[in-house]
Amino acid sequence: MTEAPASYATIGGAPARLPPLGSTGFLARLHKRYFATPLMSIVTIVLAAITVWALAGLFRWAIWDAVWYAPEGAACRDAAGACWAVIAEKYRVMLFGAFPYQEQWRGGAIIALWLVWGVLTATNLFAVSLRLIGWLIVFIATIALLQGGIFGMPHVGTDLWGGLPLTFLIFGGTVAGGLPLAILLALGRRSQLPAIRFLSVATIECVRGIPLLVVLFFAALILPLFLPDQLNVDKLVRAEIGMIIFFAAYAAEVVRGGLQALPDGQEEAAKALGLSYWQRMRKIVLPQALAISIPALFNDIIRAFKNTTFFSILGLFDVLGATKAALQDPNWVRYGLEGYLFVFLLYFLICSGMSLYGRSLEQANARRGRKVER
Amino acid sequence: MTAQKDFVVSMQAVNKWFGKHHVLRDVSLGLAAGERIVLCGPSGSGKSTLIRCINGLEGFQEGTLTVCGATLDGTQERLAEVRSHTGMVFQNFNLFPHLSVMDNLTLGAIYARGEPEDAATERAKGLLERVQLTSQTWKYPGQLSGGQRQRVAIARALMLEPEVMLFDEPTSALDPEMVHEVLGVMEELAQSGQSMIVVTHEMGFARRVSDLVVFMDQGEIVEAAPPETFFSAPATDRARGFLGQISHAT
Ligand SMILES: Nc1ncnc2c1ncn2[C@@H]1O[C@H](COP(=O)(O)OP(=O)(O)OP(=O)(O)O)[C@@H](O)[C@H]1O
Ligand SMILES: [Mg+2]
C-alpha cells in the first residue's frame, strides 16, 4: 500500500475574535499613512511645519492685523494686515458694476434667484424636467430684471449691465444655447450626409483651434465692420454668440463620446420598431448618451463659468471687470489683493459647488451602471 | 408567377457586398403566410446579413425584396412600411436599459404607430401575460435574467402586430437553462400561425416548428428542404458536414 504522506492539515480552529490591539484604529492608521518609514516621517514633519507656518501667517494677515472698518481708507494705510474695509466699501460696484444704484435691488434679486435655484437643483428634489423649466424661468427673469421697462422698472441699457448678474447671464446663455448646438454638432458629425458631416467637423475643429479671446474679439469688434448696419446687434449679444459656439465645439466632442459609448444594437432595435430618426434620437439615443456624458460635460460647464471673465476685455463689466473698475478709486487702489480675493472666493465657491454636483451625478451614474449591466 | 400577396416575404436574386466581399450571392427565397423558415449555416455564411436585409437594417446592391406587398425602393416611405410589417428579435436582446419593461413595449406603438397610450398599455399587458412576465412589468431590463430579457424582446416585437417575425439567433447568448423558456415562447407563437424566419442552431426546434430549413454557406443558399428531408437525408456534402459539427457540439 501507499505510505502515509508527510504533509498534514490539522482539523479544527478557534472562535472568531477581534484583531490584536494596535493593528487597527486611529493610531495604527496614522502610523501606517504618515510615519511608516523614516523618510515618510521626515516628509510628514516638514510639510506639517510649512503648513502651520503658512496658516499662522495667513491668520495674522487676514484676521489678527486686519482692518474691517476704514472710512475713506484712512485706517488701512498704516495697518500691517488685510484691509477688508475695501469690500464693505465697494461690494456694490463689485457685485453690480455700473448698474444704476437705485435699481441694484434687481441685481440682488437675480443673484438670489440663481443661488436658490442652483442649490435646489443640486438637492435633486425635483424631476429633471421641472428643474429645467425652473432654469428657463430664472433665465428669463434675469433678462427681465436687468432690462427693466416692465412692471414699473425703469429701462437699463446693456452698456450698464454688470457684475455678478451679468456673469450669470453670460454663463446661462452659454450653456442654454451651447448644449443644444453641441448635440446638433455631435449628431451632425455622425450624419450619413457628407455635407452635414463636413460642416460639423469643420465647425468643431476650427473653433477648437482658435483661442477664446480671438473668437470674442472677432465677434465683438471685427464682425460689425463687415455686417450691414441693420444686421448689427448689441455687442453683448455678439460676444455671447461667440461664447456659445466656443462652448458647443468642446461640448460636442464630449457628447460624441457618449454617443460612441452606446452599443449599435440600441439604434438598430429602435429602427426595427419603426421609429424615425428624430424619435430614435430623442427617446433612445440621446437620453442614454447624455446620461453618460453629463459628468464630463460639467468640466466644460465650469470652464464656461470661468470664461465669462474674458468679457471684461471687451469693456463689459462682469464681476472681474467690475472689481477692477471699483479698485480704480485712488483711496482704495492699494487694496487690490483683498478685492480680488473676494472675487476669487466667489468663483471658488460657485465652481467647486458645480464640481461637487457633477461628481455626485457621476457616482449616481456608476450606481445605475452596476444595476443595469448590459 | 405566384400571387405576391400569398408571400409575406419574397426575395429575388438579392446580391450584397461589404466592400469587395460578396456576402449574399443571388439569394432568392419566399416565405408563405403562416409558415416558418429556419435558416442555418456556418459562421460568416451571411445569415444575419440576410435577415437584416429583410427589415432594411442592411441595404443591398442588387435584387428585389418585397414584404407584404411593399417593395424596398430606397424611399423612406417603403422602408417604414416594410418595418411596420416586420418584428425583429436580436441575439443580444437590445432592450432599452433606460426604460421599464412596459415602456420598452409601448414605445414603438405610441411613437411609430401613433397608438393612444392606454390602448398600447392594455395590449402590452396582454403580451406580457402571454410571455409570462406580468410580474416584471415595471422592472428595468438590467434587473431581469437573460431568458426574461429575450421574452420581453419578443413581446416588444409583437407589439407591432407584425406579419412576419425575424429572429437572429435568439437563444445563443443565453445560459443553457434559459434556452428552453425562450424556445417555448417561440413554439407557442409558431402554433398560433405566426409567419417567422428564424436563424438558429437549435435543430430540435427546427424539426418541430419549421416548414422549410434553408442551409446557407458563403453567401449562397446551398440547400432548402422540409426538416424531415433535411435532417435525415441532406443532399450536399456541405450540409452533411455542418450537421455533423452541430450534433457533435450539442
Ligand atoms: N458591417 C460589416 N462590414 C463588413 N463585413 C461584414 C459586416 N457584417 C458582416 N460582415 C461579413 O459578412 C459575412 C457574413 O456575415 P454574417 O454576420 O451575415 O454571418 P452569419 O452567418 O450571421 O454568421 P454568425 O453565425 O457568426 O452570426 C461575414 O464574412 C462577415 O465578416
Ligand atoms: Mg449572425
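Residues numbered from 1 in each chain as written. Chains lettered and ligands numbered in written order. Predicted model: local features only at pLDDT ≥ 70, side-chain atom pairs only at ≥ 80, totals over all residues. Heavy atoms only, no water.

1. Brief notes about the overall build of chain B
Operational definition: A run of H or I in DSSP counts as a helix once it spans at least four residues, and a run of E counts as a strand once it spans at least two, with each numbered from the N terminus. Taken over C-alpha atoms, the radius of gyration is set against a globule rule of 2.2 Å times the number of residues to the power 0.38. Whether two residues touch is decided by their heavy atoms; if any such pair falls within 4.5 Å, the residues are in contact.
Along its length, chain B carries nine helices and ten strands. Its C-alpha atoms give chain B a radius of gyration of 18 Å, near enough to 18 Å, the size a compact globule of 250 residues would have. In terms of overall dimensions, chain B has C-alpha extents of about 50 × 45 × 35 Å along its principal axes. At a minimum sequence separation of 6, the contacts of chain B that also span at least 24 residues come to 65%.

2. Remarks on the domain arrangement of chain A
Spelled out, the test is: Bear in mind that the domain bounds are from an automatic or database domain assignment.
As far as domains go, chain A holds domain 1 (26-64) and domain 2 (85-373). Measuring from the centre of the C-alpha atoms in domain 1 of chain A to the corresponding centre in domain 2 of chain A gives 40 Å.

3. Comments concerning the nonpolar core
The cut-off we apply is this: What makes a nonpolar core is a set of buried Ala, Val, Leu, Ile, Met, Phe, Trp, Tyr and Cys residues whose side-chain atoms join them at distances within 4.5 Å. Buried residues are those whose accessible area, probed at 1.4 Å on protein chains only, stays under 20% of the maximum for their type, while exposed residues exceed 50% and partly exposed ones sit between those limits.
If you look at the biggest cluster of nonpolar residues, it comprises 64 residues, and the most contacted ones within it are Trp161, Phe171, Leu259, Phe305, Phe311 and Met354 of chain A. At twelve residues, the largest contribution of residues to this core is made by helix 6 (residues 163-189) of chain A. Residues in contact with Phe311 of chain A, not counting those within four places in the same chain, are Ile170, Leu216, Leu236, Ala239, Glu240, Met243 and Leu316 of chain A. Counting 49 residues, the second-largest nonpolar core is a separate cluster that includes Val152, Val185, Ala190 and Val198 of chain B.

4. Structural notes on the site of ligand 1
Residue and element names in this part refer to chain B. Here is the rule: Definition of nearness: a residue and a molecule or strand are near each other if at least one heavy atom of the residue lies within 4 Å of the molecule or strand. For this analysis, a polar contact is any N or O atom pair within 3.5 Å, provided that within protein one partner can donate a hydrogen and the other can accept it, and provided that sequence-adjacent residues contribute only side-chain to side-chain pairs. A 1.4 Å probe and the Shrake-Rupley method give the accessible areas. Residues count as covered only by the protein chains that appear here. Three categories are distinguished: nonpolar for Ala, Val, Leu, Ile, Met, Phe, Trp, Tyr, Cys and Pro, charged for Asp, Glu, Lys and Arg, and polar for the others, with Gly belonging to the last.
Around ligand 1, the structure places Phe18, His21, Val23, Pro42, Ser43, Gly44, Ser45, Gly46, Lys47, Ser48, Thr49 and Glu169. A distance of 3.0 Å separates an oxygen atom of ligand 1 from a polar backbone atom of Gly46. Here an oxygen atom of ligand 1 sits 3.3 Å away from a polar atom, N or O, in the side chain of Glu169. The fraction of the free accessible surface of ligand 1 (630 Å²) that becomes covered by protein chains is 59%. Looking at the shell around ligand 1 element by element, the count peaks at three residues for helix 1 (residues 47-54). Considered class by class, the residues forming the shell around ligand 1 number three nonpolar, seven polar and two charged.

5. Let's talk about the confidence of the model for chain A
Convention followed: The predictor rates its confidence in each residue with pLDDT, a number between 0 and 100.
Looking at chain A as a whole, the pLDDT averages 86, with 97% of positions reaching at least 70. When pLDDT is averaged over each element of chain A, helix 10 (residues 264-272) of chain A comes out on top at 94 and helix 3 (residues 85-96) of chain A at the bottom at 81.

6. Some thoughts on the interface of chain B and chain A
For the record, the criterion: For any pair of parts, buried area is found by adding up, for both, the accessible area (1.4 Å probe) each one loses once the two are put together. Each salt bridge in this description consists of a side-chain nitrogen of Lys or Arg and a carboxyl oxygen of Asp or Glu lying within 4 Å of one another.
On the side of chain A, 20 residues touch chain B, which itself brings 22 residues to the contact. Between chain B and chain A, a total of about 1,900 Å² is buried, with carbon and sulfur atoms accounting for 63% of that surface. Linking chain B with chain A are one salt bridge, by the criterion used here. Notably, a salt bridge pairs Glu268 of chain A with Arg52 of chain B, separated by 2.8 Å at the nearest N-O pair. Broken down by secondary-structure element, the contributors of at least two residues to the side of chain B that touches chain A are strand 6 (86-89), helix 3 (101-111) and helix 5 (146-158) of chain B. Considering only residue class, the side of chain B that touches chain A consists of eleven nonpolar, seven polar and four charged.

7. Details of the UniProt feature "transmembrane region" (unreviewed entry) in chain A
Residue and element names in this part refer to chain A. Applicable threshold: UniProt positions are given in the numbering used here, feature names are shortened, and annotations may be inferred rather than shown by experiment.
Look at the UniProt record and you will see "transmembrane region" (unreviewed entry) annotated at residues 39-63, 105-126, 133-154, 166-188, 209-227 and 339-358. What you have in residues 166-188 is 100% helix and 0% strand, and the ends, taken at the C-alpha atoms, are 32 Å apart. Helix makes up 100% of residues 339-358 and strand 0%, and the two end C-alpha atoms of the span are 29 Å apart.

8. A short note on the sheet that holds strand 5 (residues 70-71) of chain B
All names here are of chain B. Convention followed: When DSSP locates at least two bridges between a pair of strands, those strands are taken to pair.
Taken in spatial order, the four strands line up as 2-1-4-5 in an open sheet, and their pairing is antiparallel. The sheet is open, and its two borders are formed by strand 2 (21-32) and strand 5, each paired with just one other strand. Pairing between strand 1 (residues 7-18) and strand 2: eight bridges, direction antiparallel. Directly across from Val14, in strand 2, lies its bridge partner Val27.

9. Some thoughts on the sheet that holds strand 9 (residues 212-217) of chain B
Residue and element names in this part refer to chain B. Formally: To get an axis, fit a line to the C-alpha atoms, keeping to the stretch in contact for a helix; angles then go from 0 to 180 degrees between the N-to-C directions.
Strand order in the open sheet made by the six strands is 6-7-8-3-9-10, with mixed pairing throughout. The open sheet has two free edges, formed respectively by strand 6 and strand 10 (220-225), since each of these has just one partner strand. This sheet shows a mean twist of 20 degrees between the axes of neighbouring strands, independent of strand direction. Relative to strand 8 (residues 195-199), strand 7 (residues 164-168) runs parallel, the two being bridged by five bridges. The residue of strand 8 that forms the bridge with Met165 is Met196. Along the sheet, helix 1 contacts strand 3 (36-40), strand 6, strand 7, strand 8 and strand 9; its crossing angle with strand 7, the most-contacted strand, is approximately 150 degrees. Contacting strand 6 and strand 7, helix 5 runs over the sheet at an angle of about 170 degrees to strand 6.

10. Things to note about unusual backbone geometry
Its identity as a non-glycine residue notwithstanding, Gln132 of chain B has a phi of 60 degrees, on the positive side. On the secondary structure map, Gln132 of chain B appears in the loop between helix 4 (117-130) and helix 5.

11. Things to note about the UniProt feature "domain: ABC transporter" (unreviewed entry) in chain B
Following the UniProt record, the feature "domain: ABC transporter" (unreviewed entry) maps to residues 9-243 of chain B here. Note that residues 9-243 of chain B is 39% helix and 26% strand, and that its end C-alpha atoms are spaced 27 Å apart.

12. Description of the confidence of the model for chain B
Residues and elements named next belong to chain B. Per-residue confidence for chain B gives a mean pLDDT of 91, with 97% of residues at or over 70. Counting contacts from residues 1-5, a segment whose pLDDT is below 50, to residues more than four positions away or on other chains yields three contacts. Of the two predicted TM-score estimates for the complex, the pTM is 0.83 and the ipTM is 0.91.

13. Looking at the side chain of Thr142 of chain A
Residues and elements named next belong to chain A. Locating Thr142 in the fold gives a position in helix 5 (residues 128-147). Overall, Thr142 belongs to the buried group, its relative accessible area being 0%. Filtering out sequence-adjacent residues up to four positions away, Thr142 remains in contact with Ile110, Trp114, Pro165 and Leu169.

14. Observations concerning the pattern of salt bridges
Tallied over the full model, the rule gives 25 salt bridges over all chains. A salt bridge links Arg256 of chain A to Glu253 of chain A; the nearest nitrogen and oxygen atoms lie 3.1 Å apart. Highlighted residues: Arg256 of chain A and Glu253 of chain A, both in helix 9 (residues 235-261), separated by three residues, approximately one helical turn. Judged by relative accessible area, Arg256 of chain A falls into the partly exposed class, the value being 22%. Arg25 of chain B is paired through a salt bridge with Glu220 of chain B; the nearest N and O atoms lie 3.2 Å apart. Residue Arg25 of chain B is located in strand 2, and its partner Glu220 of chain B is located in strand 10; the two are separated by 195 residues in the primary sequence. Classification of Glu220 of chain B as partly exposed rests on a relative accessible area of 27%. One salt-bridge network, held together by shared partners, links Arg189, Glu205, Glu253 and Arg256 of chain A.

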